[in-house]
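Residue-level listing of the chains:
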Number of protein chains: 2
Amino acid sequence: MKASISDHILASAGALFYREGIRAVGIDRIIEETKVAKATLYRHFPSKDHLVAAYLHDRHERVIRSLEEVLNEVPRPRDQLNLIFERLHEKADSPEFRGCAFALAVAEHGDSERVVTVARAHKAAVSRMFGALMERAGVETAQPAAHLSLLYEGALATVAVGRDPQAVLTARECALFVFDAARP
Amino acid sequence: MKASISDHILASAGALFYREGIRAVGIDRIIEETKVAKATLYRHFPSKDHLVAAYLHDRHERVIRSLEEVLNEVPRPRDQLNLIFERLHEKADSPEFRGCAFALAVAEHGDSERVVTVARAHKAAVSRMFGALMERAGVETAQPAAHLSLLYEGALATVAVGRDPQAVLTARECALFVFDAARP
DNA sequence: CAAGAGAAAGACAGGTCATTCCATTTGGGG
DNA sequence: CCCCAAATGGAATGACCTGTCTTTCTCTTG
């Protein structure tokens, strides 16, 4: 079970895309990094746009999986919420953190159907996760979950520009407050 | 009192940058749109990076001025807060709205000192505005104002990807809730 | 009128971009 | 061992990028 070439390309290209931006990273740069021939790359991904979409899809799966693992660590919804922001804070407290990969991708390729579709699907999945969390806490209305999503997005966007992970802790505080207030 | 050439260039370039993205708009495109010679553009802005920074600075002044006008429309802090999100909702409810210009710019040019500096200054100014609003409401602690900033950022980021202005109304609801809860 | 400044138009340099194609080598399954 | 598909290195494509520079033209001001 060795890593396929696709996975290898995706790993390298993904890291470059996130770190330096999608438009800033050319195909030449990717084939240099992966030590893969150009024709090979184009055999696996028919265009750069496809590669970008695959990168986002990969990222989507990782983030969702990571969130699910967090949910499995503690049973109580409130602790889960707390831990979600805690983990985000850890990630944000790193110089290579640049914010939400999907927001960055849409900023660069907001006219690419492929890119926007994956990005929206990811945001919807995260929203559903917050919705399910609130349901488990016995909250029926959808609004509190939407507030949590907004705070999560706000934390990501704020850190992306300001680079101060403190914003995530502030968001956590507000999220817990919203959670407690929505509790039946 | 005719508009200076700098202003003319800034207006056209700014519209293009926001609509299509900074990297997607080349110098040739700008001089074609403005009907200005390339040398003229470079006389007024020594590099594209300078032009981008000027675009953001211009945008910064407009947004802050627009916010101040909103604050002057109604006297009560709570109504001001409500109106801020109301106006954002109006803007978001338009096909050409692409989210926060500063977040978009940092996504594309996060390595440009000039760009990041202007973007951070803008975010700081908005934060101060929320801080002053809460102070006028008699709230001394800084946290509630930070929560409002996060919700504002979250609304912008969410609309940027999802394109659903409803998110702004949801953010307003949460913001008013936070405001009322922080009230002495 | 003269002179000089600024602007227009566009050629040019030196890269980089994504993408295609080709000739050659490699590696694994029958 | 042989064959074929896949991978390789690299050249070629045509478009676009920022930034410089030259030449011509049109003002304004003395």
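Residues numbered from 1 in each chain as written. Chains lettered and ligands numbered in written order. Predicted model: local features only at pLDDT ≥ 70, side-chain atom pairs only at ≥ 80, totals over all residues. Heavy atoms only, no water.

## Concerning the overall build of chain A
Logical step 1: Tallying secondary structure elements over chain A gives nine helices and zero strands in all.
Logical step 2: In sequence order, the secondary structure elements of chain A are arranged as α-α-α-α-α-α-α-α-α.
Logical step 3: For chain A, the spread of C-alpha atoms along the principal axes amounts to about 60 × 35 × 30 Å.
Logical step 4: Buried positions account for 49% of the 184 residues belonging to chain A.
Logical step 5: If you take every contact in chain A between residues at least 6 apart in sequence, the share linking residues at least 24 apart comes to 69%.
Logical step 6: On chain A, the mean spot of the 24 positive side-chain charges and the mean spot of the 25 negative ones are 4 Å from each other. (Helix = DSSP H or I, 4+ residues; strand = E, 2+ residues; numbered from the N terminus. Buried < 20%, exposed > 50% of the residue type's maximum accessible area, 1.4 Å probe, protein only. Contact = heavy atoms within 4.5 Å. Lys, Arg positive; Asp, Glu negative; His and termini not counted. Charge placed at Lys NZ, Arg CZ, Asp CG, Glu CD.)

## Here we look at the domain arrangement of chain A
All names here are of chain A.
Logical step 1: Domains assigned within chain A are domain 1 (1-46) and domain 2 (48-182).
Logical step 2: Between domain 1 and domain 2, the C-alpha centre-to-centre distance is 26 Å.
Logical step 3: Each partner contributes to the interface: domain 1 provides 17 residues, whereas domain 2 provides 17 residues.
Logical step 4: Contact between domain 1 and domain 2 buries roughly 1,600 Å² in total, counting both sides, with carbon and sulfur atoms accounting for 68%.
Logical step 5: Taken as a group, Leu 10, Tyr 18 and Ile 22 account for 47% of the area that domain 1 buries against domain 2, more than any other trio of residues on that side.
Logical step 6: Connecting domain 1 to domain 2 are zero salt bridges.
Logical step 7: Across the contact surface, domain 1 and domain 2 share six residue pairs in polar contact (both at pLDDT 80 or more).
Logical step 8: For the side of domain 1 that touches domain 2, the elements supplying multiple residues, two or more each, are helix H1 (5-20) and helix H2 (27-34).
Logical step 9: Per-element tally for the side of domain 1 that touches domain 2: the top contributor is H1, with eight residues.
Logical step 10: Here the residues of the side of domain 1 that touches domain 2 are counted per class, giving twelve nonpolar, two polar and three charged. (Domains from an automatic or database assignment. Buried area = accessible area lost by both parts, 1.4 Å probe. Salt bridge = Lys/Arg side-chain N within 4 Å of Asp/Glu carboxyl O. Polar contact = N/O pair within 3.5 Å; in protein donor to acceptor, adjacent residues only side chain to side chain. Nonpolar A, V, L, I, M, F, W, Y, C, P; charged D, E, K, R; others polar.)

## A closer look at the packing of helix H5 (residues 77-92) of chain B against helix H8 (residues 143-162) of chain B
Residues and elements named next belong to chain B.
Logical step 1: Axis separation between H5 and H8 bottoms out at 11 Å; the angle between their running directions is 10°. Between H5 and H8, the angle is such that the two are roughly parallel. Facing H5, whose interface residues are Leu 81, Ile 84, Phe 85, Leu 88 and Ala 92, H8 presents Leu 148, Leu 151, Tyr 152, Ala 155, Leu 156 and Val 159.
Logical step 2: Here the residues of the contact of H5 with H8 are counted per class, giving eleven nonpolar, no polar and no charged. (Axes fitted to C-alpha atoms, helices over the stretch in contact; angles between N-to-C directions. Parallel < 35°, antiparallel > 145°, perpendicular 65-115°, else oblique.)

## A word on the state of the cysteines
Logical step 1: Applying the stated rule across the entire model yields zero disulfides over all chains.
Logical step 2: The thiol of Cys 100 of chain A is not disulfide-bonded; the next cysteine sulfur, from Cys 100 of chain B, is found 14 Å away.
Logical step 3: Classification of Cys 100 of chain A as buried rests on a relative accessible area of 11%.
Logical step 4: No disulfide involves Cys 174 of chain B; its nearest neighbouring cysteine sulfur is the one of Cys 174 of chain A, lying 5.3 Å away.
Logical step 5: Cys 174 of chain B sits in the buried class, given a relative accessible area of 0%. (Disulfide = S-S within 2.5 Å.)

## A closer look at the protein's contact with DNA strand D
Logical step 1: As a structural note, the neighbourhood of DNA strand D is formed by 17 residues, with Ala 37 and Thr 40 of chain A together with Ile 27, Lys 38 and Lys 48 of chain B the closest of them.
Logical step 2: Of all DNA strand D atoms lying within 4 Å of any protein atom, the proportion belonging to sugar or phosphate reaches 61%.
Logical step 3: Ile 27 of chain B is positioned with one of its backbone polar atoms (N or O) 2.6 Å from a phosphate oxygen of DNA strand D.
Logical step 4: Contact between DNA strand D and Lys 38 of chain B: a base oxygen at 2.6 Å from a side-chain N or O atom of the residue.
Logical step 5: Counting residues per element, the ones that place at least two in the surface near DNA strand D are helix H3 (38-44) of chain A together with helix H2 (27-34) and helix H3 (38-44) of chain B.
Logical step 6: The element that contributes the greatest number of residues to the surface near DNA strand D is H3 of chain A, accounting for four residues.
Logical step 7: When the residues that make up the surface near DNA strand D are grouped by side-chain class, the tally is eight nonpolar, four polar and five charged. (Near = heavy atom within 4 Å.)

## Some points on the packing of aromatic side chains
Logical step 1: The final tally for this structure, using the stated rule, is seven aromatic pairs over all chains.
Logical step 2: Residues Phe 85 of chain B and Tyr 152 of chain B carry aromatic rings whose centres are separated by 5.8 Å and whose planes lie at 80° to one another, so their mutual orientation is edge-to-face. Here Tyr 152 of chain B lies in helix H8 and Phe 85 of chain B lies in helix H5, a separation of 67 residues in the sequence. Judged on exposure class, the residue Phe 85 of chain B and its partner Tyr 152 of chain B are both buried.
Logical step 3: An aromatic cluster is present here, built from Phe 85, Phe 130 and Tyr 152 of chain A joined pairwise through their rings.
Logical step 4: Positioned above the aromatic ring of Tyr 18 of chain A, the side-chain terminus of Arg 59 of chain A is 4.2 Å from the ring centre. (Phe/Tyr/Trp six-rings, centres within 6.5 Å; stacked < 30°, edge-to-face > 60°. Lys NZ or Arg CZ within 6 Å of the ring centre and 35° of its normal.)

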